[in-house]
Structures are given as structure tokens and as C-alpha cells.
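Coordinate analysis (summary)
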Amino acid sequence: MVGSPSASAAADVVREFWRLMGTNDFHEVAAVLAPEFVLEWPQSRERIRGAERFARMNQEFPAHGPWKFTIHRLIAGESEAATDVSVTDGVRKDRVLSYFTLSNGKILRIIEFWPEPFAPAANRAHIVETMDGEE
């Protein structure tokens, strides 16, 4: 259909979001955010509205060095995308699952989950492999 967004376009916007995040100039990320952008963290029940607050939150978060982002997986439709990304400042290592909603080529909403790693259960040691060193 002429004029309709494609999954490729949505994926490109989300890839650009993570590229801009990797510059650590968080105000530049606004280039891909819609004016009514909202970020939600259901685990802590927090909501951040707008590109300015998003940039400040990222700037003010304590870090040991520049943040680096590695996309492990990106799945995209016409107006939605999901990513599995590793995040590190050289000391801290996290993994984030992000769900993006796009409108008019911009990111309107992100819902993120930051799961905490946990030790494997001893009762299944005989049936699992450890993934040490993998991200």
C-alpha cells in the first residue's frame, strides 16, 4: 500500500534509537522520539514523559564509563518493534527487553523490562547447560 509504513522502516527507526543511545549524547535521541513520547517501566511503576526528561534521566544515572548497547534481537512490524539489548558501562552489565510503538516514523512509546540475573536452581543442574560468558 502506498504511503504505509513498513516493518523495515520501523526496524530502522529502532536501530537508530539504539545507535543514538550509544553516542551517550542522550539529547540527540530526541531525533527519533515523537513530541508526546512516553517511557514506562512496569517493574518500578515509573513513567517518563518527553525527550527532555528521558535525556536527563539517562544523563543523571550513575555510570562508570560510557554506556554501550548491543542489540541481540530486533523484531519489527509496521508500527511496533521489540528488542533484546545488552547494556554496559564497563562495570555494570544489564539486559533490557524493550517494546516500541511508533507513529509517523517516530517512537511514541517504549515499555521496558530490566530483569535481574539469578543463579540457576540446583535441582535442575543435571538437565541444563550454563551460559557463562554469553550475553
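Read on for an overview of the structure. (Residues numbered from 1 in each chain as written. Predicted model: local features only at pLDDT ≥ 70, side-chain atom pairs only at ≥ 80, totals over all residues. Heavy atoms only, no water.)

**Details of the pairing of strand β3 (residues 68–76)**
Going by this rule: Strand pairing requires that DSSP identify at least two bridges connecting the strands. In DSSP terms, a helix is any run of H or I states spanning at least four residues, a strand is any run of E spanning at least two, and both are numbered starting from the N terminus.
The pairing of β3 with strand β4 (residues 80–88) spans eight bridges and is antiparallel. Bridging from a neighbouring strand, Leu74 pairs with Thr83 of β4. Hairpin connection between β3 and β4: a loop of three residues separates the two successive antiparallel strands.

**Concerning the pattern of salt bridges**
Put simply, the rule reads: Think of a salt bridge as a Lys or Arg side-chain nitrogen and an Asp or Glu carboxyl oxygen that are within 4 Å of each other. The cut-offs for exposure are 20% and 50% of the maximum accessible area for each residue type, with area from a 1.4 Å probe on protein chains only; residues under the lower value are buried, those over the upper are exposed, and the others partly exposed.
Taken as a whole, this structure holds seven salt bridges when the rule is applied. Note that Arg56 and Glu60 form a salt bridge whose closest N and O atoms lie 3.2 Å from each other. You can see Arg56 and its partner Glu60 sitting in helix α2 (residues 51–60), four residues apart, about one turn around the helix. A residue is classified by how much of its surface remains accessible, and Glu60, at 54% relative accessible area, is exposed. Of the charged contacts, one joins Asp94 and Arg92 as a salt bridge, the two residues approaching to 2.4 Å between their closest N and O atoms.

**Notes on a nonpolar patch on the surface**
Just so we agree on the cut-off: Patch building starts from residues that exceed 30% relative accessible area and form no salt bridge, then joins like charges within 9 Å and nonpolar side chains (Val, Leu, Ile, Met, Phe, Trp, Tyr) within 5 Å. Using a 1.4 Å probe, the Shrake-Rupley method yields the accessible areas, and only the shown protein chains count as cover for residues.
A cluster of nonpolar side chains, contributed by Leu97, Tyr99 and Phe113, occupies part of the molecular surface with about 250 Å² of accessible area. Among the secondary structure elements, Tyr99 is positioned in strand β5 (residues 93–103). The partly exposed category is assigned to Tyr99, whose relative accessible area is 41%.

**Structural notes on the nonpolar core**
We apply this condition: Among buried residues, those of type Ala, Val, Leu, Ile, Met, Phe, Trp, Tyr and Cys that are joined through side-chain atoms within 4.5 Å constitute a nonpolar core. Residues count as neighbours in contact if any of their non-hydrogen atoms are within 4.5 Å of one another.
Judged by nonpolar contacts, the single largest core of 27 residues is most densely connected at Phe17, Trp18, Phe54, Phe100 and Ile107. By residue number, the principal contributor to this core is helix α1 (residues 7–22), which donates seven residues. Discounting residues that sit within four places of it in the chain, Ile107 has contacts with Val13, Phe17, Val32, Leu33, Ala34, Phe37, Phe100, Thr101 and Leu102.

By themselves, these are just geometric observations and shouldn't be taken as functional.
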